Structures are given as structure tokens and as C-alpha cells.
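Residue strings, one per chain:
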Amino acid sequence: MNSLILRTASRFLLILLFQFSVFLLLRGHNDPGGGFVGGLVLAAALTLYAIAYDVRSMRRFLPCRAQTIIAWGLLAAAGSGVWSMFKGQPFMTGQWAHVYFFGLDLHLGTPLLFDIGVYLTVVGVVLIVIMSLAEEVEEED
Amino acid sequence: MIVVVLSGFALALLAPSLYRLSARWAGCVFSIFPAVLALWFLSHMGEVVGGHGLRFTYPWIPAMGLELSFNLDGLGLLFALAITVVGTLIITYAGSYLHGHPSLPRFYLFILMFMASMLGVVLSDNLIALFVFWELTSVTSYFLIGYDHDKDTARAAALQALIVTGTGGLALMAGVLLMGQIGGSFEISALAADNAAVQGHRLYPLVLALVFAGAFTKSAQVPFHFWLPSAMEAPTPVSAYLHSATMVKAGVYLLARLSPVLGGSDIWLYVVTGFGAATMLVSAYQALYQTDLKKILAYSTVSVLGTLTMLIGLGGKYAIQAAMVFLMAHVLYKAALFLVAGSIDHETGTRDVRQLGGLRKTMPIICAGAAVGALSMAGLPPFFGFVGKEALYEALTHDNVLVTVVGVLTSMLLFAVAWLAGIRPFSGEETHTPKHPHDPPWTMWLGPVFLGCLSVLFGLMPALPEKLLSAAAGSVLGKEVHMHLALWHGFNALLVLSLVTFALGVLVYLNLARLQRVTEFALPVVRRGPSQWYALWLRFLNWSAVGQTRVLQNGYLRLYLATIMTVTAVLAWYTFLAHADAGVIEFNWGDIGVHEWVLGIVALVASIATVRAKTFLRAVVALGVVGYSVALFFVLYGAPDLAMTQFLIETLSLILFVFVFYYMPPFKRFSTRPVIMRHAAIGTAVGALFTLLVLVATSVQWHPTISTYFSANSYLMGQGRNIVNVILVDFRGFDTLGEITVLAVAGIGVYSLIRLRLGKGGDS
Amino acid sequence: MEGLLAIVIGVLYASGVYMLMRRSIVKLIIGLALLAHGASLLVFTAAGLTRAVPPVIPEGAKAITGTVADPLPQALILTAIVISFGVQAFAMVLAYRAYQTVGTDDLDGMKATDT
């Protein structure tokens, strides 16, 4: 699509929405949000960008291929459950710890890692679908 | 102990990669593993014969009361030693026998996996675990029989073995579940302690029938015995291992293991004894007509399996003792003879006994091994087979005349068979064979010679294995047994029977051709019968599968759906109208706000517009409106997470629809008016059913909601305030993991559909 | 309010089922989407509706006090929505590829193409 307004807007929106998606992901455990919603927001932002420019320019923002993102997501989600097995607890028992980081009291746990896995998987899947179809369109043109 | 059982699986998985490190020595290296296991089992011999079996329990699925429990008692130890000792020799042997075969790594993979499964079968105390290992032996044996998978006959034999034993396995599963249900436990030891619960139940005959179906198919009892000779398509090490020493004995093992639970009744006695007796006689008779060395051995194995089954059926001290002694003798001589047969095949290029002769000059070591095996099989002193046969006769004469006659006749025939298989190829004049024979490398004669030495050693000093065999018989009988074995019992009735057997056996062997002619009339019945039924059954299955596919799987999606939906709607409506009280439904229109009315009507109109849309774009837009209205419902009723997700998904779906719309042809109307009316009626019926369902579900509350648990524990256990999210990532995290996996699969599916082209406009 | 939603759900199911039985593969996919919406609302409504109180434990409290919306169906629906997106995407692409290969979007026309 060739619209200056959309292009300019999508660039700013991408940064904003990326921050927003991470925000949703991290607050998800205590307030509405979470990996599914966060992942969808980021995927939607990238899709918007791809519509404004094209898929190739959108791809620059990705550190790796979408398949790899899915793989990492699944690995993180499944791996978060393994932790507890080393402690002799059943698979996927939540493990929590307080981490003090520059004076901040961070309350971290394996469910957060699991949610990050969900986030990555959702981003990867939506992108792989959109990119496959959009590239098909671009090739036809 | 769990390490002992499961390490085999681990090694099996590594086997192909290890093989690549050293193809030449792989056989010897892998054989160290069963040797170590054998030593481990031997080291526990003292505890086991002392009556202190090892027991190991690991909670497997605690929620269902399932435990992975292993029990090493006398019976288990006897089998475990057979599995690991013979396994060591077989793997050593196979390294040379199959040397240079392209798929040798796969052979090691499956044979090690088989060995581990077999150990699992004989050590499991839990019926479910036993069944799982049991099926694993069926599956691995399928791959091992079909090892030469480019041969038609090998594939057919593998499939036949799998179908026969697999069918039996299904029956066994039903039997096991039933037994566990009525006995109240899946632990064999617990069931044996209270066997009246199972035997007194009215379903006891059914349990027996199902367990028998499993055991008889696995141990190749008449009329299921035909698969075992066909399975001789397998490479010889496989036949020697699976089809003589281990897997086919699993059925016998199962009967022995379960006899404390199920045995002792009249049905048990007559059915097991009857099948066993029929099998031993029929297959010994069939063995006489074979010319293929391996098939001769296969039929004689079936005969021995029949003998063991009969002994277990008879029950009682003497019969069970005899079964254990006979079993050990058989393992020692039959595996040796199979390995000899393999060596002969390997060296001469043929297994046809009519073409073989005089091999004693060219293959002296193998000849020695074969001679010991054959003489032991014939039941001659001073070999262990003689001790076995004496024990057998002792048990039979303690019972009745009929089984004694069957026993003597079978031994007579097996005497002739032993001569045919083990002595004849080596005696007489040298014959011309496809390859020029000589003794094979040490890896290939080690097995027969080692087992032969044991046959002689145990024959001369029967006191050596006495304790182990007593312990094995003791664990079947459930009490302490002190067996006394001896080569020389004095001049008594048993010795007379043995002498009669030898005399008759020599007579049969010398008049083999005449005997074959005279009794030929019976052969078609026993040979053709069962395998023809099998062929007929397969044809029937194929025929019925084709038939029902034509009728039911007609390829019209809408017909499937129409059928399913109509049946559902009719049944549910009927149930409601016939049984339910419509008065329970509470209608309360008063509490609906104006904005809710508006939203509801928008959703209704949009969904009808979707159906009635004339163009794709209109349908998609209307569908979008439906989606956004659903999202607004989520907003109204306290589900912000859902609303956000729904909004985003709806937007992305719209984008997707537009992408696809780009390509698809414009809407067309394919259906005629009557069809449309019919489908509309089905749709309306289903829709009305769901309206009703919602109304009933919201008016009546049967159970308290399980959400109270989540609400109460979300912060305390899940450390999160957003309960929905805590459920997703913690309480029901495993579900979510499954769901994102589905999502990932769908994504990869889309990618591969678009990216992996097979050429546009058709398959390339 | 359950009554109103019950009717909406009924109509969604009716139109979904009707669309699933069309011969055009595109309509089938639209039917799938309608059915997905219907199913979400069904689970949501059947658990009982509560107006505008999300199932979030307030700051400082350790457990829910008072009535909130039922969290369990929400968790179920949340994943169902995302999965139905995946399934729809797959179905659409499958339909698209089938159309490219077979040259028709008529399901009856696709029936005999496996030879």
C-alpha cells in the first residue's frame, strides 16, 4: 500500500506497540494481559508495517526466521516445566524466586518463562501465516 | 532395577550412531551390554533363591493408581538369565552373520529394544506395564522378522506375525483391564494374594478366554501356530533369539505368572492342557514333513511350547517343576541348533536338509555344537535334555495315562526330528552345496559351543541349576520347592518309558519316508487349516473395509455433516422433549440493558447477513461484525483478556480473509433450492438445540463450579492476581503447552502449503 | 441476559452449520468461523454471566472477595480463540492451494482428484 500517512504512522506505532506488547506480557500475571494478547499485539503491529511497506522491510525487524521464533517459543514453554522435575516435583510445578536487581525486587518464576514461550509462539505463528500469504501476493504482482 | 530394564532402550536408540564408530566390532561391543546384565542377574541369584526377591516400585501415573513395579523372583530370574545370556551370544553371532548388511544398525536398534522389552515383560509386576512391554516385543519382532524388507515373503511373514500376536495382544489388554477391575489391583502379586476375588467373579471365564487369546497367539499354540514357521523368514539370529529362546516363551511365561491368579480351576485345567497337548503332538508331526532346516526347528519349537503349556495347565508340583526344567533344557539346545542352522546356511548357501550331508569333515566345531544340541533335544543322557524329559515323564505319569501317551508320542517324534535337524546334515557323504563350507569365525561358533557346554555340564551335574529352577517353580506355585534333579534315577518306570521312546524314535527316523506316505492324508488338515482361515479372514476384512468405505466414506462432506447433525439434533431433541421438564428454564428479559439489546441484535443481523451475502467481501465484513460483537460481549461481562484477544484475532483474521479473497473465485451458488431448504432446516434444528442447551445450562446448576479452587489458590499457589492468566500458565499449563503446539503445527502447515511447491496447477 | 445470548448462540450455530454444508469451500471456512464464535459464546454463557467484574484479585488481597466473572471458561476460550485462528488460517491456505491445484472451489469437483 502506498500511503504516506500509514507508512509514517506504522513506523511509530510499531515501536509503541512493541513496548505495549512487552508491557502486556509482563503484567499479564497480575492484571489483564499475558502471552497470548501480548504476542498478538506485536504480530498485529508487524502486520500493519508489512501492509504499509512490504514484507521484506518488515522482515528486517526479525532477528531470525519465523520458524525459529516458534521453535524458541515452544522450547521456552516446555522447558519452563522441566525445572521442577530436577527438584523431584511433578512436571510444570511453578518455581518462584525473588531476584534483587539494582535495588528492584523482581518476583520471577517459571510461569513467566512459560508465558514468554506462549508470546514467542503466537508471534511466530501469526507472522509465518501472514508472511507466507503476503509474499504470495507480492510475487503475483 | 529400573535402570536394568530401561537402559536397553537407551542403548538401542544410541545403537545406530555407535555402530558408525566401529562397524567391525559393533556386534562384540553391543554384546557386552547383555553380558553385564546377565552378571547383574547372576549376582542376585543368592537373594532370589533364598526367597528374598527384589522389588522396585516407581509411581508412574499416580493419579490413576498406576505404578511401574518390577519384581525379581525365581521365575523372572530364570527368564531374565535366558534373555541376557542368549542375547549376549546372539548379538555376538549376528555381528558376523549379518556382516556387511546395509541395515545392520537398524538390526542392533531393534534387537536391543526387543531385549529390553522382553526383560520388561518378565520383570514387571504391574499388569499394565507388562502389557506395554508385551506389545513392544510384538512391534520390535515385526521389524525384526521383516528385516529383509525388500523381500515379499519377509514382509508378509512379519505382517502375519504382527496381526496374529497383535490380535491376541488386544484380547490380552481387555483381559488385563478386566482382571484389574474385578481384582481391584493391577499388581500381579496383589492379585495372587487374593485370587478368590477374580476366580469367584462371574466374568472369570471371560478373563480366562481373553488372557488365553493373548498367551496362545504369542506362544504359537494350535490353531494359531502357523505364524511361527512363517516367521522363519527372519534372519537366523532373530529366529534363534525371538522364536526359540525368548519371545514365543512370553505366552508360556504369562500363563505361568498368572497361574497363581487364574489357575487351579477346571476350565484352566482342561483348556490349557488341551491346547498344549494338541499343539505338542500336531506340530511335532508337522515337523517331520519339513525340509527347510529352520522350519523343522520352528515346528519342534512349537511342539515344546505346547508341552510347556500343557504342563502349566496340569499344574501341581511335579508339572511346574518339569515345566521349568524342560524350559531351561529347551533354551540351551534350541538356540544352539538355530545358530547351527544359521551357520550351515551361511557357509553352504542352503538350508534344505535333502541337500546337506557330510558336513562333519568341513565344519567340525559346528558339528560338535550341533551334535550336543541334537542329542540333548532327543533326550539322550548325559545331556540336560534327558533330565528335562525325565522330569516331564515324572510329571505326566503322576497325572494320567492319556497325557503320558501324548508325551511319549511327542518325544518319539521329536527324537526323529532332532536327528533330522542336528545329525543328518553332518553325517553320511559330502554333498555338493552352493558354497564351499568351512567352519565360520569364532563369533559364530561361540554360541552353539557355549550352550552345548552348558547342556553337558548341567546334564552331568544337574544339582547346579537345581536351586534356580526350584526358586522358579516356587514362584509359580507360591510356596517353597526343593527340587532334586539327577541323571540316574535308578532302574524304574521312567527309564523304561525313556527307552521305549528312544526305540520308537529310532524306528520313526529309519522309516521316515514310509511314515510320511502313510500319514500324509492328515497333513493338509493341520497345515492348510489355520493359515487358510487366516487368509480368509484377511480377505473378509479387506472386503468389508472396502464395502463400508464405499457406503460411509462417500466423499461428500455435506452428507457426513448432515448425517451427524441430524442424528445429534434428533436424539437430543427427543431426549429433551421426552424426559426434561421445560419448566426449569428461567426467562428473565427484564434485566437486559438497552446497549445489550443493541449489541445482541447487531450480532444476529450480522450473522444472518454472513449467510445471505452475495459476495465474498460482504460475507467477510459481516463476519467481522459478528466477531467484534462477540468481543464486546466479553467486555460487558468481565472478560478483558478475552476481549483484547478477540479484537486482535478478528483483525488478523480479516486481513487473512482479504489475502485469500485476492485469489478465490467469486461466490457461486451450487446448490438447488430443495437442498438449501433441507440444509437450512438442519441448521435451524441444531441452532435451536443450542439455544435450549444454553437456557437449560444457565438455569440449572448441578455441581459447584471448580473455579472456586482457582480463585482461592491463584495468588497463594500461583503467585498471580490475574486468575485467567494463572490458569493458563500454571494450573492448566500443560493444556496451554498442547494448544500452542497445535498453533505451531498449524503455522508450519500454512508455511509448507505455500512454500513447498509441487509445481503449480498439478503435481509434478 | 442469558436469554438474549442464548438466541445469539443459536443463530450463530444455525448459520455456522448451514455454511459448513455448502459446496463452496470458501463458505465452508466462513461457516467454521461462525461456529467458532458460537462455541466461544456458548462456553462463556453456559458458565454463568457476571457483569463487568473481571476475575482479578485486588491489590493487597490474597483471594477473591465478592462475585467476579468465572475465570475458567475465560481461560478455555482464550486459547480456543487463538487456536481457531490457527485452524482457520490453515483451512484458508488449504482451500487456496486446492483451488490453485484443482481449479475449482466446488467441493464436489475436488472429490475425484485423488487419482
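Whatever comes next refers back to the structure up there.
Residues numbered from 1 in each chain as written. Chains lettered and ligands numbered in written order. Predicted model: local features only at pLDDT ≥ 70, side-chain atom pairs only at ≥ 80, totals over all residues.

Enquirer: In this structure, what is going on with the overall build of chain C? I would like to understand it.
Expert: The helix and strand inventory of chain C stands at four helices and zero strands. Relative to the globule expectation of 13 Å for 115 residues, the C-alpha radius of gyration of chain C, 19 Å, shows a markedly less compact shape. Principal-axis analysis of the C-alpha atoms gives chain C an extent of 65 × 30 × 15 Å. The burial tally for chain C puts 63% of its 115 residues in the buried class. For chain C, restricting intrachain contacts to residue pairs at least 6 apart in sequence, the fraction spanning at least 24 positions comes to 53%. (Helix = DSSP H or I, 4+ residues; strand = E, 2+ residues; numbered from the N terminus. Rg over C-alpha atoms; globule rule 2.2 N^0.38 Å. Buried ≥ 20, exposed ≤ 12 C-beta atoms within 10 Å, placed from the backbone. Contact = placed C-beta atoms within 7 Å.)

Enquirer: Could you clarify how one ought to interpret the overall build of chain A in this entry?
Expert: Looking only at helices and strands, one finds five helices and two strands in chain A. Ordered by position from N to C terminus, the α and β elements of chain A give α-α-α-α-β-β-α. Here chain A holds 141 residues, and 46% of them are scored as buried. Within chain A, contacts between residues at least 6 apart in sequence are counted, and of these 66% link residues at least 24 apart.

Enquirer: So what exactly am I meant to see when it comes to the interface of chain A and chain B here?
Expert: Accessible area lost during the coming together of the parts is what is often quoted as the interface size. Every contact between the two is made by 39 residues of chain A and, on the other side, 37 residues of chain B. Considering each element in turn, the side of chain A that touches chain B owes the most residues, 16 residues, to helix 5 (residues 110-140) of chain A.

Enquirer: What am I meant to see in helix 1 (residues 2-21) of chain B here?
Expert: Think of an α-helix as turning once every 3.6 residues; residues three or four places apart then point the same way. Over its 20 residues, helix 1 of chain B runs 28 Å from end to end, which matches the ideal 28 Å to within 8%, given 1.5 Å per residue. In helix 1 of chain B, a bend of some 50° at Ala 15 of chain B exceeds every other bend along the element, and Pro 16 of chain B, a proline, comes one to four places later. (Expected span 1.5 Å × (residues − 1). Bend = angle between axes of the 7 residues up to and from the residue.)

Enquirer: What exactly am I supposed to notice about the packing of helix 32 (residues 723-731) of chain B against helix 3 (residues 71-102) of chain C here?
Expert: Helices that pack against each other are described as a pair by the angle of their axes relative to one another and the distance between those axes. At a minimum axis separation of 8 Å, helix 32 of chain B and helix 3 of chain C run at an interaxial angle of 55°. Classified by the angle between their axes, helix 32 of chain B and helix 3 of chain C sit oblique to one another. The handedness of the crossing between helix 32 of chain B and helix 3 of chain C comes out as right-handed. Here helix 32 of chain B contributes Ile 723, Val 724, Ile 727 and Leu 728 of chain B to the contact with helix 3 of chain C, which in turn contributes Pro 71, Leu 72, Gln 74, Ala 75 and Leu 78 of chain C. Residue classes in the contact of helix 32 of chain B with helix 3 of chain C are distributed as eight nonpolar, one polar and no charged. (Axes fitted to C-alpha atoms, helices over the stretch in contact; angles between N-to-C directions. Parallel < 35°, antiparallel > 145°, perpendicular 65-115°, else oblique. Left-handed = near helix turned anticlockwise from the far one by under 90°. Nonpolar A, V, L, I, M, F, W, Y, C, P; charged D, E, K, R; others polar.)

Enquirer: Where do I start with the environment of Ala 416 of chain B in this structure?
Expert: Of note, Ala 416 of chain B is situated in helix 20 (residues 401-423). Ignoring anything within four residues of it in the chain, the contact list for Ala 416 of chain B reads Leu 288, Gly 505, Val 508, Tyr 509 and Leu 512 of chain B.

Enquirer: Explain the interface of chain B and chain C here, please?
Expert: Taken together, the 90 residues of chain B in the interface contact 76 residues of chain C. When residues of the side of chain B that touches chain C are traced back to their parent elements, those giving at least two are helix 26 (557-579), helix 27 (594-612), helix 28 (616-636), helix 29 (640-661), helix 30 (673-699), helix 31 (707-713), helix 32 and helix 33 (733-755) of chain B. Top element by residues in the side of chain B that touches chain C is helix 30 of chain B. It accounts for 14 residues.

Enquirer: Would you mind going over unusual backbone geometry with me for this structure?
Expert: All names here are of chain B. The step from Val 222 to Pro 223 runs through a cis peptide bond, and the omega angle for that step is 5°. Positionally, Pro 223 belongs in the loop between helix 10 (204-218) and helix 11 (227-230). In this structure, the amide linkage connecting Pro 381 to the following residue, Pro 382, adopts the cis form with an omega of 5°. Within the secondary structure layout, Pro 382 lies in the loop between helix 18 (364-378) and helix 19 (384-398). With a phi angle near 55°, Ala 220 is a residue other than glycine that sits in the positive phi range. In this structure, Ala 220 sits in the loop between helix 10 and helix 11. On the basis of neighbour count, Ala 220 is assigned to the buried category, with 29 C-beta atoms found within 10 Å.

Enquirer: Would you take a moment to explain helix 3 of chain C for this structure?
Expert: With 32 residues, helix 3 of chain C extends 46 Å from end C-alpha to end C-alpha; this agrees with the ideal 46 Å at 1.5 Å per step. Positive backbone phi, at 85°, marks Gly 103 of chain C, one or two positions downstream of helix 3 of chain C.

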